[in-house]
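Summary of structural features
Spelled out from the first residue to the last, the chains are:
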Amino acid sequence: MKGKIKPFLQGCLAIAALVGLWALASKTGIFGKMDPEDAELLLPMPQVVCEEFWELLKSGYLLSNIWVSMKRVLVGFGIAVLIGLPLGIFMGMSVTVRNFIYPLVRFFSPIPGVAWVPLAILWFGLGDRAAIFIIVMGSLSPIIINSLQGVLNVDRSLYDALHMMEANGWQVVYHCIVPSIVPYVISGFRLGLGFAWRVVIAAEMVGVPKGLGYVLSVGRNTANTSVTIITIISLGIIMMLMEEVLFRVLENRTSKWKQWE
Amino acid sequence: MAINVRNITKSFRNEEMERLSILRNISFQIENQEFVSFVGPSGCGKSTLLRIIAGFLKADEGAVEIDGKEIEGPGKDRLMVFQDYVLFPWKSVWNNIALGLKLGKNDKEYVKSRVAWAIDMVGLNGFEKSYPHQLSGGMKQRVAIARALVMEPKILLMDEPFGALDSFTRMRLQDELVRMCDKKEFTTCLVTHDCEEAVYLSDRILVFTDSPAQIRDVVCVDLPRPRKRTDPRFIQLKDEVQELVMETWKNEKERLS
Ligand SMILES: Nc1ncnc2c1ncn2[C@@H]1O[C@H](COP(=O)(O)OP(=O)(O)O)[C@@H](O)[C@H]1O
Ligand SMILES: [Mg+2]
C-alpha cells in the first residue's frame, strides 16, 4: 500500500500544476496575448468550469448524455468482440480462413471509423443503430488482429502435447489457445475500446444526435467553452474508470500464472 | 507393445530449399516392455526419429508399426516426455496431470484417484496446487512424467528428459524411472546424449551415426537392475558406447578433411 501512495500523490501534483497553469492563463489572457475579458470566453477560470460542471451534473443533462454514449460504446464494442475474437482465432487456426479474411482486414483497418458516418446515417438513420455500426467498424480490426497474433504465437509444442493426448479441435481451443492468447486479447480490447470511444464522439459531433460528442458540438455552436472543457474532463475520467474496471480485473486473473514469462 | 520401425527415411529442406537427408533407411524392432535408448552425435536425427514414432512427423518413406498396426498420427498409446517439459503454464500441477484423463471424458472419481496415484508415483505430494513456474526443473519433469503415466501409456517416449537437470536431480530421476519401469507396464524409448544414463537404464542401446543417421551398432546391457554405476562391467559398457559415438564423430571429421 505504502508504495502506491507516492505515485498517486505525484500524479495529483501534476494535475494541480496543470490546473494552476490553466488559472494563470485564463487570468492573464493567455499570458498577455489578449484582453483578459476575451480570454474569459476562450478559457474560463477553473472554478467557473467547476460550477458549470456541478450544474450540468445536477440537471442530469451530462449524465444522461454520458449514458447514451456509454450504451452505444458497450453494445458496439460487445458486438465487435463477438465477431472479432472468434474470427481472429479461426484465422489463426486455419491458413485458408486467414488467406480469405486477412486482405479484407488489411484493407478496412486503416479506414477511420468516422469515415463510415455518412453511410451509417443513410443506412440506419439518425440514431443508436448508426452509432453502433460505426463503433463496430471502428473497433473490429484491432480485436481481430490481436487475437490472430495471439494464436500465431501459441507455443507449438503445447499442440503436440494435446494431440498425443488425443484432444479434439474444441479441446485444443479451450485448453491451449484461449488461455495463451489472453494477454494479446486484452491489449486488442484496450485498443478496440479506445477506438470505440473516439469513433462515437466523432460520430456524435458530425451528425448522430445525443451523447457526449453531441454535447461537445452544442458547446461549440453556442460558443460555450466550459461545456467543451467539461466534456473533455468527463471523457478522461470515463476512460480511466473503464480501464480500471474491465482490464485490471482481467489482468489480475491471469497474473497468477503469467509470471513464468 | 512391440514397436517395428521399417525402412524409415526422412529429409528436411534447408533455407536454400535443398533436401537434407536426416534418416536413411532405418529399421529396428523394440520388444514389448523393453527399454531402448538412442545415442549418437548431436544433430544426427534422434529427436526426428522419436517424433516420427510419436506420430508428430511423417516419414518420407517406411512405416512405424505398433503391434503390427501402422501408426497414422499421435495417440495416447505413445506418450512423449519432452526435454523442455511442455507443461501448461496456466494449469496447476494437479490440472496438468489430470488433463489427459479429462480430455477422455473419464469419470470424476476415477480421474481423482488416478491423479493421486500418479502424484504419489513421482513424489509430488503437497505440490498439487502449485503452478509450473513455481517448480524447479526436476519437479517440472516429474509433472511431465506423471502426466504421461497417469494415462497408462503402452509406450513412453522420452527426448533427453533429464538433459537440462543438474547431475544429482538427474540421478534421482533415473532411479525413479528404473523403479517405474520395473513394474513392466510399458515399453520405453529414450533419446539421450549421456552414455552412463543409457547404460544405467536400457536393455539395449542403439548407436546412430552422424546424419544421415543409420544404426552404427547395438549394445545389449546384460546387467541386472538396480545397476551399480561403479560395477566394472557397467563402466566397460559405458566406455564401449562412448567409444562408438566418438568413432562416428571421428569418421565425420575425416570425411570433412
Ligand atoms: N523441422 C525441421 N526442418 C528442417 N530441419 C530440421 C527440422 N527438424 C530437425 N531438423 C534438422 O535435422 C537434423 C536432426 O535434428 P534432430 O533430430 O533434432 O537431431 P538430434 O536430436 O539427434 O540432436 C538437424 O540438423 C536439424 O537441424
Ligand atoms: Mg534432439
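Residues numbered from 1 in each chain as written. Chains lettered and ligands numbered in written order. Predicted model: local features only at pLDDT ≥ 70, side-chain atom pairs only at ≥ 80, totals over all residues. Heavy atoms only, no water.

As a further point, take a negative patch on the surface. On the surface, a cluster of negative charge is made up of Asp-35, Glu-37, Asp-38 and Glu-40 of chain A. Along the chain, the position of Asp-38 of chain A falls in helix H3 (residues 36-42). (Patch = residues over 30% accessible without salt bridge, like charges linked within 9 Å, V, L, I, M, F, W, Y side chains within 5 Å. Areas by Shrake-Rupley, 256 points an atom, 1.4 Å probe, with all protein chains shown as cover. Salt bridge = Lys/Arg side-chain N within 4 Å of Asp/Glu carboxyl O. Lys, Arg positive; Asp, Glu negative; His and termini not counted. Charge placed at Lys NZ, Arg CZ, Asp CG, Glu CD. Helix = DSSP H or I, 4+ residues; strand = E, 2+ residues; numbered from the N terminus.)

We now examine the site of ligand 1. Residue and element names in this part refer to chain B. The immediate surroundings of ligand 1 are formed by Phe-12, Ile-22, Ser-42, Gly-43, Cys-44, Gly-45, Lys-46, Ser-47 and Thr-48. In this structure, Gly-45 approaches ligand 1 through a main-chain N or O atom, which is 3.0 Å from an oxygen atom. Contact distances for ligand 1 include 2.6 Å between an oxygen atom and a side-chain N or O atom of Ser-47. Notes on ligand 1: free accessible area 560 Å², of which the protein chains cover 56%. The element best represented in the shell around ligand 1 is helix H1 (residues 46-54), accounting for three residues. (Near = heavy atom within 4 Å. Polar contact = N/O pair within 3.5 Å; in protein donor to acceptor, adjacent residues only side chain to side chain.)

Each regular strand carries side chains that alternate between the two faces of the sheet. Residues and elements named next belong to chain B. Relative to strand S10 (residues 215-220), strand S9 (residues 204-208) runs antiparallel, the two sharing five bridges. Counterpart to Val-207 in the pairing with S10 is Asp-217. Counting the residues that bridge the hairpin from S9 to S10 gives six residues. (Pairing = 2+ DSSP bridges.)

With that settled, consider the pattern of salt bridges. For the coordinates displayed, the defined rule picks out 20 salt bridges over all chains. Note that Arg-72 of chain A is salt-bridged to Asp-128 of chain A, the shortest N-O span being 2.7 Å. Placement of the pair is Arg-72 of chain A in helix H5 (residues 61-93) and Asp-128 of chain A in helix H8 (residues 128-152), with a sequence separation of 56 residues. Residue Asp-128 of chain A is classed as partly exposed on the basis of its relative accessible area, which comes to 38%. Close ionic contact of Asp-217 of chain B with Arg-216 of chain B constitutes a salt bridge, the shortest N to O distance being 3.7 Å. A relative accessible area of 32% means that Asp-217 of chain B is categorised as partly exposed. On the basis of relative accessibility, which here comes to 30%, the residue Arg-216 of chain B falls in the partly exposed class. Linked by salt bridges that have partners in common, Arg-72, Asp-128 and Glu-204 of chain A make up one network. (Buried < 20%, exposed > 50% of the residue type's maximum accessible area, 1.4 Å probe, protein only.)

The subject of this paragraph is the side chain of Asp-194 of chain B. Residue and element names in this part refer to chain B. Among the secondary structure elements, Asp-194 is positioned in the loop between strand S8 (187-191) and helix H6 (195-201). On the basis of relative accessible area, Asp-194 is assigned to the buried category, the value being 17%. For Asp-194, the contacting residues outside a window of four places in its chain are Arg-170 and Gln-174. (Contact = heavy atoms within 4.5 Å.)

Residues and elements named next belong to chain B. The mixed open sheet is built from six strands, whose spatial order is S6-S7-S8-S3-S9-S10. On the outer flanks of this sheet lie strand S6 (78-81) and S10, each paired with one strand and no other. Looking at each pair of strands side by side, their axes are set apart by 15° on average, direction ignored. Relative to strand S7 (residues 155-159), S6 runs parallel, the two being bridged by four bridges. Within S7, the position partnered with Arg-78 by the bridge is Ile-155. (Axes fitted to C-alpha atoms, helices over the stretch in contact; angles between N-to-C directions.)

Once that is clear, we can look at the domain arrangement of chain A. What the domain assignment reports for chain A is domain 1 (1-43) and domain 2 (59-260). On a C-alpha basis, the centroid separation for the pair domain 1 of chain A and domain 2 of chain A is 33 Å. (Domains from an automatic or database assignment.)

What follows concerns the confidence of the model for chain A. Residues of chain A with pLDDT of at least 70 account for 96%, and the chain-wide mean is 89. Within chain A, the lowest mean pLDDT, 72, falls on helix H2 (residues 29-32) of chain A, and the highest, 96, falls on helix H9 (residues 156-164) of chain A. (pLDDT = per-residue confidence, 0-100.)

The subject of this paragraph is the sheet that holds strand S1 (residues 3-13) of chain B. Pairing between sheet strands relies on hydrogen bonds along the backbone, with the strands arranged either parallel or antiparallel. Residues and elements named next belong to chain B. If you walk across this open sheet you meet the four strands as S2-S1-S4-S5, and the pairing is antiparallel. Each edge of the open sheet carries a strand with a single partner, namely strand S2 (19-30) and strand S5 (69-70). The sheet contact formed by S1 and S2 spans eight bridges and is antiparallel. Pairing of Ser-11 across the sheet is with Ser-21, part of S2.

On to the interface of chain A and chain B. Taken together, the contact between chain A and chain B spans 19 residues of the former and 23 residues of the latter. Both sides together, the interface formed by chain A and chain B hides about 2000 Å², and carbon and sulfur atoms give 71% of it. Our count for the contact surface shared by chain A and chain B stands at one salt bridge. For Asp-160 of chain A, the salt bridge is made with Arg-51 of chain B, and the minimal N-O distance between the two is 3.1 Å. Of all the secondary-structure elements, those providing two or more residues to the side of chain A that touches chain B are H9, helix H10 (169-206) and helix H12 (225-258) of chain A. A per-element tally of the side of chain A that touches chain B places H9 of chain A first, with seven residues. Classifying every residue of the side of chain A that touches chain B by side-chain character gives ten nonpolar, six polar and three charged. (Buried area = accessible area lost by both parts, 1.4 Å probe. Nonpolar A, V, L, I, M, F, W, Y, C, P; charged D, E, K, R; others polar.)

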